[in-house]
Amino acid sequence: MNNYSPRIGDYGVIKTGGFFAKLIRIGTTSRWNHAFIYIGNYMGVDSIVEANPTGVTISPVSKYPSIAWNMHEELSTEQREGIAFYARRAVGRPYNFGIIFILALRALGFRLFPTKVIQWLGKHDGYICSELVAECYEKVGAPVAPNSDLCNPGDLAERLIWQ
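Residues numbered from 1 in each chain as written. Predicted model: local features only at pLDDT ≥ 70, side-chain atom pairs only at ≥ 80, totals over all residues. Heavy atoms only, no water.

Any chance you could explain helix 6 (residues 153-161) here in plain terms?
Given 3.6 residues per turn, any residue in an α-helix points the same way as the ones three and four places further on. All of the buried residues in helix 6 are Pro-153, Gly-154, Leu-156, Ala-157 and Leu-160. All buried residues of helix 6 fall inside an arc of 160 degrees around its axis, so they share one side. For helix 6, the elements touching its buried residues are strand 1 (11-14), strand 2 (34-42), strand 5 (68-69) and helix 5 (129-139). Sitting at the amino-terminal end of helix 6 is Asn-152, which places a side-chain oxygen 2.8 Å from the backbone nitrogen of Gly-154. (Buried < 20%, exposed > 50% of the residue type's maximum accessible area, 1.4 Å probe, protein only. Helix = DSSP H or I, 4+ residues; strand = E, 2+ residues; numbered from the N terminus. Arc of directions from axis to C-beta. Contact = heavy atoms within 4.5 Å. Polar contact = N/O pair within 3.5 Å; in protein donor to acceptor, adjacent residues only side chain to side chain.)

Laid out in structure tokens, this is it:
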């Protein structure tokens, strides 16, 4: 995981500590709880765009010591640059607590909300980390999930296994 040099547009998944990270892992039955997009050099630092509870931000990639990258994704240079463009464009958007609530209910077996409500929340209330990744890939014609609004870090990590 640490020997790979990511390319612009790659996404990474990680396992972090903390109470909410553990809830995400339990709720999604995955060992992964966070995802982000590598955007390359930003202000002299190798950087990622990530959605976290404070909103969508740019962070140094060195923030996370052990990253599983989607190193085998076949993307054109235009697609990679497009993914990074859409990720940077999302910076400043809020975190999507509504989707987290719906994902938690779905993990408990409740399917109360129709797809249209989920899609509306996904487009109007910010992002969760994996939704940001899935939407940026979808926008360049390289979908990584059947439904970007309900994509979770475990879905993205599972995709890494089959590459």
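Please explain the pairing of strand 2 as it appears in this structure.
Along a regular strand, successive side chains alternate from one face of the sheet to the other. Within strand 2, seven of the nine residues are buried, leaving the element largely enclosed by the surrounding structure. Sheet analysis places strand 1 next to strand 2, joined by four bridges and oriented antiparallel. Across the sheet, the residue bridging to Gly-12 is Phe-36, located in strand 2. Bridge analysis of strand 2 against strand 3 (residues 45-52) gives six bridges, and the strand direction is antiparallel. Looking at the pairing, Gly-40 lines up with Ser-47 of strand 3. The turn linking strand 2 back onto strand 3 is made up of two residues, and Met-43 within it adopts a positive phi angle of 55 degrees. (Pairing = 2+ DSSP bridges.)

Sorry, what's going on with the packing of aromatic side chains here?
Ring pairs (aromatic) are described by centroid distance and by the angle formed between their planes. Under the defined criterion, the tally for this structure stands at five aromatic pairs. Centroid distance Tyr-11 to Tyr-137: 5.6 Å. Interplanar angle 80 degrees. Geometry classified as edge-to-face. Here Tyr-137 lies in helix 5 and Tyr-11 lies in strand 1, a separation of 126 residues in the sequence. Across this residue pair, the class does not change: Tyr-11 and Tyr-137 are buried. Aromatic pair Phe-85 and Tyr-86: ring centres 5.2 Å apart, planes at 70 degrees, arrangement edge-to-face. The class for Tyr-86 is partly exposed, based on a relative accessible area of 24%. Linked through ring pairs, Phe-36, Tyr-38, Tyr-64 and Trp-69 together constitute an aromatic cluster. (Phe/Tyr/Trp six-rings, centres within 6.5 Å; stacked < 30°, edge-to-face > 60°.)

Whenever I open this one, the pairing of strand 3 confuses me. Can you help?
With respect to burial, strand 3 is a largely interior element, six of its eight residues being buried. Of the strand pairs in this sheet, strand 3 and strand 4 (residues 55-60) are connected by six bridges, and their pairing is antiparallel. Its bridge partner being in strand 4, Val-49 is matched across the sheet by Ile-58. Counting the residues in the hairpin turn of strand 3 and strand 4 gives two residues.

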